Amino acid sequence: MKNLSEFWRLTIILDGITYLILAPIGFIGIFIAGDFFSDSHRLTFGFISLLLAIILNTIVGLIFRKKFIYQDLKDLYSKELSLEEKKRIKINLLQYPLKEGLVMIPRWVLGFPSTMFFAQFFMPITIQQTAWTMAMGSILAILGFYSNYFNAENSLNRIFREKDLGEIEIDDKHYLNFSLRAKLLGIISAFVITTAYSYTYLAYILKSNIFNPDNYLFYNIVLSLLLAYTLIAFATIFISSVKQNLAELKVVVESIAQGDLTVTGIRVTSDEIGLVNKNINDMTHYLENLVQSIDQSSNKISDQALGLSSSAEENYSSIGEVNKTIEELAKGASQQAENTSISLNELNQLGTKIE
């Protein structure tokens, strides 16, 4: 079924990209916090514990995702919908990126300590190790929020395009008020906090002789590379989201330039690009109504011109009839004058005879 494949496609995109971005720094941090590198026994069971935590985390994500979006996808891809049903689904979908992002916070906050929960069945785990992983999960949870928010937003663009939901008009209050400035500042703040935590933790493990302090330069370089990778990955997601929204604007503007006023831009957010999209859509609808009004007025003027032409032809015909009548009257008057002249002559002759 299309709705089921779409659901799994969405799941793979959201969880796959998030793990791809945060896994390097997150997983290495867990192994260091749990001291899983110390021997082969801890390394093996640490990996198993991490794998179990990932499975549990993914199941939790699937439960919430199914509750948030599965039924809407099922209705959207499996049956014909009325206008009101499409409006309802569109409103629900517009709230989905925020829901997906918010769920990532408890998933990451609890996901890291869950690794230690499974690990304690195989090896000793201290409260301090669990506390470090919880702090790490809490910080990375903010990055996880933005990762899933942006990816869910990008997925909505594709769904809206496939099912023509961009043309469904709804009240502006249903769009999330999340500006580009707020998104960018949020990502930068989360990355700064992550960086501060990472170097603080590195200093702690070097000071505690968990790692050899003599190799501090090597560890700093590795950590810097991990942070750079994370920053580049988030910058790519952010830029990709902006480019996709700008691409939608480009399609609309090019269609308007070619005279097509029926096109509607796909809008899934109320940030600056979303507002520009809204204004262009409003302008397009205004121009379309204006063209229709001009067309109706021209048709009305054409009808009036045809009426005037018909009246002119009728007036011309009437004038011809009047002219003909005048000619006949003139001809009759001339004949009458001639007859009158003859009668006068005869009367004069009769008067002469009488005299």
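Quick look at the structure, then. Note that this is a predicted model, so its numbers are computed, not measured.

Right, let's get into the nonpolar core. Counting residues in each nonpolar core, the largest one holds 53 residues, and the members touching the most others are Trp 108 and Leu 140. For this core, the elements supplying multiple residues, two or more each, are α1 (2-33), α3 (83-119), α4 (127-162), α5 (180-207), α6 (216-257) and α7 (272-354). Residue contributions to this core peak at 11 residues, all from α6. Leaving out residues up to four positions away in the same chain, Leu 140 has contacts with Leu 22, Ile 25, Gly 26, Trp 108, Phe 112 and Thr 194. Core analysis: the second largest hydrophobic core is formed by 23 residues, Phe 7, Leu 76, Ile 159 and Ile 170 among them.

All told, the structure shown has 24 aromatic pairs when counted by the stated rule. Taking 6.4 Å as the distance between ring centres and 35° as the angle between the ring planes, the aromatic pair formed by Tyr 146 and Phe 178 counts as tilted. Of this pair, Tyr 146 sits in helix α4 while Phe 178 sits in the loop between α4 and α5; the two residues are 32 residues apart in sequence, bridging distant segments of the chain. Taken individually, Tyr 146 and Phe 178 each receive the classification buried, so the pair is uniform in this respect. An aromatic cluster is present here, built from Phe 145, Tyr 146, Tyr 149, Phe 150, Phe 178 and Phe 238 joined pairwise through their rings. Sitting over the ring of Tyr 70, Lys 66 keeps its end group 5.7 Å from the ring centre.

Per the stated rule, a full pass over the model turns up 7 salt bridges. Glu 6 is the partner of Arg 158 in a salt bridge, and the nearest nitrogen-oxygen pair spans 2.4 Å. Taken together, the positions of Arg 158 in helix α4 and Glu 6 in helix α1 put the pair 152 residues apart, joining distant regions of the chain. Given the relative accessible area of 13%, Arg 158 is considered buried. Asp 72 is the partner of Arg 88 in a salt bridge, and the nearest nitrogen-oxygen pair spans 3.5 Å. Here Arg 88 is found in helix α3, whereas its partner Asp 72 is found in helix α2 (residues 40-78), with 16 residues between them in sequence. The class for Arg 88 is partly exposed, based on a relative accessible area of 37%. Judged by its relative accessible area of 6%, Asp 72 falls in the buried class. Via salt bridges that share partners, Asp 15, Arg 65, Glu 100 and Arg 107 belong to a single interconnected network.

Below, the discussion takes up α4. Helix length check: α4 (36 residues) gives 50 Å between terminal C-alpha atoms against 52 Å at 1.5 Å per residue, within 8%. Its maximal kink placed at Ala 141, α4 deviates by approximately 30°. The buried fraction of α4 is high, at 26 of 36 residues. The positive-phi residue at the C-terminal boundary of α4 is Asp 164, with phi of around 55°.

A cluster of nonpolar side chains, namely Phe 47, Ile 48, Leu 51, Leu 52, Ile 55, Ile 59, Ile 63, Phe 64, Phe 117, Phe 121 and Phe 122, defines an oily patch on the protein surface of about 1,000 Å² accessible area. Counting residues per element, the nonpolar patch draws most heavily on α2, which supplies 8 residues. As for its placement among the helices and strands, Phe 64 is situated in helix α2.

Two elements in contact, α3 and α4, have axes whose closest approach is 7 Å; the angle formed by their N-to-C orientations is 155°. In terms of orientation, α3 and α4 fall into the roughly antiparallel class. Seen along the crossing, α3 lies across α4 with a hand that is right-handed. When the residues that make up the contact of α3 with α4 are grouped by side-chain class, the tally is 23 nonpolar, 7 polar and 3 charged.

Turning our attention to unusual backbone geometry. Phi angles above zero are rare outside glycine, and Asp 35 is one such case at about 55°. Note on placement: Asp 35 falls in the loop between α1 and α2. A positive phi angle is found at Asp 164, which is not glycine, with a value near 55°. With respect to the helices and strands, the residue Asp 164 is situated in the loop between α4 and α5. Judged by relative accessible area, which is 44%, Asp 164 ranks as partly exposed.

Once that is clear, we can look at the environment of Lys 250. Its place among the elements puts Lys 250 in helix α6. Taking the C-alpha atoms as reference, Lys 250 lies 9.1 Å from Gly 265; in sequence the two are 15 residues apart.

Here is what the cut-offs are and how they apply
- Residues numbered from 1 in each chain as written.
- Predicted model: local features only at pLDDT ≥ 70, side-chain atom pairs only at ≥ 80, totals over all residues.
- Heavy atoms only, no water.
- Core = buried A, V, L, I, M, F, W, Y, C linked by side-chain atoms within 4.5 Å.
- Buried < 20%, exposed > 50% of the residue type's maximum accessible area, 1.4 Å probe, protein only.
- Helix = DSSP H or I, 4+ residues; strand = E, 2+ residues; numbered from the N terminus.
- Contact = heavy atoms within 4.5 Å.
- Phe/Tyr/Trp six-rings, centres within 6.5 Å; stacked < 30°, edge-to-face > 60°.
- Lys NZ or Arg CZ within 6 Å of the ring centre and 35° of its normal.
- Salt bridge = Lys/Arg side-chain N within 4 Å of Asp/Glu carboxyl O.
- Expected span 1.5 Å × (residues − 1).
- Bend = angle between axes of the 7 residues up to and from the residue.
- Patch = residues over 30% accessible without salt bridge, like charges linked within 9 Å, V, L, I, M, F, W, Y side chains within 5 Å.
- Areas by Shrake-Rupley, 256 points an atom, 1.4 Å probe, with all protein chains shown as cover.
- Axes fitted to C-alpha atoms, helices over the stretch in contact; angles between N-to-C directions.
- Parallel < 35°, antiparallel > 145°, perpendicular 65-115°, else oblique.
- Left-handed = near helix turned anticlockwise from the far one by under 90°.
- Nonpolar A, V, L, I, M, F, W, Y, C, P; charged D, E, K, R; others polar.

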